[in-house]
Amino acid sequence: MSHLFNTYARMPVSLVRGEGAWLYDDQGRRYLDALSGIAVCSLGHAHPRIAEAIADQARTLIHTANIVHIPQQEALADALAEISGMDRAFIANSGAEVVECALKLARRHATERGVDQPAVLVASHSFHGRTLAALSASGNAAIQAGFGPLVGGFIRVPFGDLDAARQAFEDHPELVAALVEPVQGEGGVRPAPEGYLAGLGKLCKEHDALLMLDEIQSGMARTGRWFAFQHDPDVRPDVVTVAKALGNGVPIGACLAREEVAALLAPGAHGTTFGGNPLACRAALEVISVMRELDLPARAAARGEQLMKRLHDALNSHPNVVEVRGQGLMVGVELSENVPELKDRAMERGLIINVTQGNTIRLLPPLIVDEAQVDQIADTVIELIRERFPA
Ligand SMILES: *Cc1c(COP(=O)(O)O)cnc(C)c1O
C-alpha cells in the first residue's frame, strides 16, 4: 500500500533521468518529451547551466527568509521587469500562489475604490490553480466538486466573447478586475481571439478595473514571445502571473504588476516564507539568461510553426479532427471523441503527451527541441490519431 494521497491518475512509468528533450525510465527506455512536465522544463532536462547554478547556490546560501534583502530576488525582479514591461514583482513558489497574490491585489483595489462586495470577471474553461480562491476562479466544475462553499466574488463569462464581458461590466458595477489566460491551457489550448485582450483591457480601463493576465502556462517564451500578451502591442496588463517555466523545475512563481498596483500592498500586507529565496531566484535568473542567449522566444515561434504546419497538413481534412490550434509551442489537437487513452498509446511509442478536456491532445515540448524532434512528435501524433480513427 502506498502512503501517498491517491490524488493523481498516474501512468505506470517512473522517469529517473533526463537529458535535453529526452527522458529515461527505470528500465532504461527512452522517451521524447512533448510535455515538459506540463510547460515547466522549457530548457529541457538536466541543463548543465541550470544544474551548475543550482549547485553553486546550494553550496553558498539557500534560504534567509524575507527579513533581509535578497540580491538574487532583486536581480530577478529586474530581469522580469525587462522582459515583461511590468514594474514590480512579488516572488512566490507556485502558480496558484501568484494567482492568490493577483486576487488579493484586486481586493485591495476594491478597498481603494470603496467597493465592499467586489467581484472579478473570469472566463469559462479557465484554470488558475487548486487553492480555494484559485479553484473558485477556475471554470472547471471537476476541481470545485465537493469543496464548497467556494470563495465568492467571481462573475463568469464565455472565454473570448467581448460582448459578454461588456454586458457583465454594465450589469456589475462591483467588478474590480478581469482575470484571464491569454491562451487557455488546461481548458483545451485555446488562444484568445484576435483583439480580445485589448478589448478587455479597454473595458477594464473604462470601469476602473484591473486587467490581470494569467501567463503561468503561456509565459516565458512558450508562445513565441516572452509573454503571450506581447503578440498584441495594444494589450497593457495591470497584473501578470508567471510560474511553470520560470525555474525550469525549481518551484517558483511571480506576480508582476504596474507600479501603482504593486503599491496596493504595503509592508506586512502579503508575504511568504520560502518565496524568492536565493536558490529559486538564482535558478530563475539563469533560466532567463539562457533563454536570452538562445533567443528562445524566436526559436519557439519557428519550431511552433513547423509543428502546427505538419499537424495541419496531415490532419485538417481528417473527419475526427475538430481543430488543430495553438500559438508557438503550445499546441492542441481537438478530436471528435474523448481519447484519454492516447497518452498511454503515446507512452508505449516513446512519446510523452497529455490529453486535456478529455478530447484535446496537448503538446508542450521543451522550447529547445530541434527540427528532427519536432518531426518525430508530429509523426507519432499523426500515427496515433490515424490508428485510433481508421479511415
Ligand atoms: C498550472 C497553472 C496554474 C497553477 O499553477 P500551480 O503551480 O500548479 O499552482 C495556474 N494558472 C495556469 C494558467 C496554469 O497553467
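Residues numbered from 1 in each chain as written. Predicted model: local features only at pLDDT ≥ 70, side-chain atom pairs only at ≥ 80, totals over all residues. Heavy atoms only, no water.

Q: Explain the domain arrangement of the protein chain to me, please; I cannot follow it from the model alone.
A: The extent of an interface is frequently quoted as the accessible surface area lost upon association of the parts. We note that the domain assignment places domain 1 (15-47 + 296-388) and domain 2 (49-294) within the protein chain. In this structure, domain 1 and domain 2 have C-alpha centres spaced 26 Å apart. A per-residue breakdown of the area domain 1 buries against domain 2 is headed by H47, Q327 and M330, which together make up 27% of the total. Counting every contact that joins domain 1 to domain 2 gives one salt bridge. Elements with a minimum of two residues in the side of domain 1 that touches domain 2: α1 (36-39), α11 (296-315), β13 (321-327), β14 (330-335) and β17 (360-363). Considering each element in turn, the side of domain 1 that touches domain 2 owes the most residues, six residues, to α11. By residue class, the composition of the side of domain 1 that touches domain 2 is 18 nonpolar, eleven polar and four charged. (Domains from an automatic or database assignment. Buried area = accessible area lost by both parts, 1.4 Å probe. Salt bridge = Lys/Arg side-chain N within 4 Å of Asp/Glu carboxyl O. Helix = DSSP H or I, 4+ residues; strand = E, 2+ residues; numbered from the N terminus. Nonpolar A, V, L, I, M, F, W, Y, C, P; charged D, E, K, R; others polar.)

Q: Is there a simple way to explain the site of the ligand in this structure?
A: Around the ligand, a shell composed of S94, G95, A96, F127, H128, G129, E181, D214, I216, Q217 and K244 is seen. Take K244: an N or O atom from its side chain is 2.6 Å from an oxygen atom of the ligand. Expressed as a share of its isolated accessible area of 380 Å², the protein-covered part of the ligand is 81%. (Near = heavy atom within 4 Å. Polar contact = N/O pair within 3.5 Å; in protein donor to acceptor, adjacent residues only side chain to side chain. Areas by Shrake-Rupley, 256 points an atom, 1.4 Å probe, with all protein chains shown as cover.)

Q: Explain the nonpolar core to me, please; I cannot follow it from the model alone.
A: In globular proteins that are soluble, nonpolar side chains generally tend to be buried together. Of all hydrophobic cores here, the largest spans 89 residues; its most connected members are L121, M220, L311 and L363. Counting residues per element, this core draws most heavily on helix α10 (residues 278-293), which supplies eight residues. Taken domain by domain, the makeup of this core includes at least three residues from each of domain 1 (15-47 + 296-388) and domain 2 (49-294). Of all hydrophobic cores here, the second largest spans 29 residues; its members include A106, V239, A243 and V261. (Core = buried A, V, L, I, M, F, W, Y, C linked by side-chain atoms within 4.5 Å. Buried < 20%, exposed > 50% of the residue type's maximum accessible area, 1.4 Å probe, protein only.)

Q: Where do I start with the UniProt feature "binding site: N(2)-acetyl-L-ornithine" (unreviewed entry) in the protein chain in this structure?
A: Mapped onto this structure's residue numbering, the UniProt feature "binding site: N(2)-acetyl-L-ornithine" (unreviewed entry) falls at R130 and T272. Within the annotated group just given, the residues that line the second largest pocket are T272. Relative to the elements of secondary structure, R130 occurs in the loop between β5 (119-123) and α5 (132-137). Under the relative-accessibility criterion, R130 is labelled exposed at 57%. Every residue in contact with R130, bar those within four places of it in the chain, is listed here: A96, L135 and I143. (UniProt positions renumbered as here; feature names shortened; annotations may be inferred. 1 Å grid on protein atoms, 1.4 Å probe; cavity = no way out; pocket = protein on both sides within 12 Å on 5 of 7 lines; lining within 4 Å. Contact = heavy atoms within 4.5 Å.)

Q: Would you mind going over the packing of aromatic side chains with me for this structure?
A: The relative placement of two aromatic rings is captured by the distance of their centres and the angle of their planes. Across all of its chains, the model carries two aromatic pairs by this definition. Ring geometry for F159 against Y196: centres 5.7 Å apart, planes inclined by 70°, an arrangement best described as edge-to-face. On the criterion of sequence distance, the pair formed by F159 in the loop between β6 (154-157) and α7 (162-171) and Y196 in helix α8 (residues 196-206) is long-range, its members being 37 residues apart. On the basis of relative accessibility, which here comes to 2%, the residue Y196 falls in the buried class. Relative to F229, the ring of F227 lies with its centre 6.2 Å away and its plane at 20°, an arrangement referred to as stacked. Here F227 matches F229 in class, with each residue buried. (Phe/Tyr/Trp six-rings, centres within 6.5 Å; stacked < 30°, edge-to-face > 60°.)

Q: How should I be thinking about the layout of surface pockets in this particular structure?
A: The method is simple in principle: a probe with the dimensions of a water molecule rolls over the atoms, and the space it marks as empty is what remains. Approximately 850 Å³ is the volume found for the second largest pocket. In this structure, the second largest pocket is lined by 26 residues; those nearest its centre are Q73, R88, A89, F90 and L265. Secondary-structure elements contributing two or more residues to the lining of the second largest pocket are α3 (71-84), β4 (88-92), α4 (95-113) and β12 (253-257). (Points joined across faces, edges and corners; volume = space filled by probe spheres on them.)

Q: So what exactly am I meant to see when it comes to the sheet that holds strand β16 (residues 354-356) here?
A: The four strands are arranged β13-β14-β17-β16 in an open sheet whose pairing can be described as antiparallel. In this open sheet, the two edge strands, each paired with only one partner strand, are β13 and β16. Put simply, the sheet's adjacent strands are angled 25° from each other on average, direction ignored. Where α11 meets the sheet, its contacts fall on β13, β14 and β17, and the angle it forms with β13 comes to roughly 170°. The sheet strands contacting helix α13 (residues 371-388) are β13, β14 and β17, and the helix crosses β17 at an angle near 170°. (Pairing = 2+ DSSP bridges. Axes fitted to C-alpha atoms, helices over the stretch in contact; angles between N-to-C directions.)

Q: So what exactly am I meant to see when it comes to the side chain of R222 here?
A: Relative to the assigned elements, R222 resides in the loop between β10 (210-214) and β11 (239-242). A polar atom in the side chain of R222 sits 2.8 Å from the backbone oxygen of L329.

Q: How should I be thinking about a nonpolar patch on the surface in this particular structure?
A: Taken together, the side chains of L132, F147 and L150 make up a nonpolar region of the molecular surface, amounting to roughly 280 Å² of accessible area. With respect to the helices and strands, the residue L150 is situated in the loop between α6 (141-144) and β6. You can call L150 partly exposed: its relative accessible area is 36%. (Patch = residues over 30% accessible without salt bridge, like charges linked within 9 Å, V, L, I, M, F, W, Y side chains within 5 Å.)

Q: Can you help me understand the pattern of salt bridges in this one?
A: Close approach of charged atoms lets side chains of opposite charge pair. This structure, assessed with the given rule, holds 24 salt bridges. A salt bridge links R88 to E259; the shortest N-O distance between them is 3.0 Å. Here E259 lies in helix α9 (residues 259-262) and R88 lies in strand β4, a separation of 171 residues in the sequence. The exposure class assigned to R88 is partly exposed, which follows from its relative accessible area of 47%.

Q: Before we go on, may I ask you to explain the pairing of strand β1 (residues 15-19) in this structure?
A: Residues in a regular strand project their side chains so that they alternate between the two faces of the sheet. Pairing of β1 with strand β2 (residues 22-25) involves four bridges; the strand directions are antiparallel. Its bridge partner lying in β2, R17 is registered against Y24. Hairpin geometry of β1 and β2 is characterised by an intervening segment of two residues between the two adjacent antiparallel strands and by a positive phi of about 60° at G20.

Q: Teacher, can you tell me more about the side chain of T223 here?
A: Note that T223 resides in the loop between β10 and β11. Those residues in contact with T223 that sit more than four places away from it in its chain are V183, S218, A228, H231, Q327, G328 and M330.

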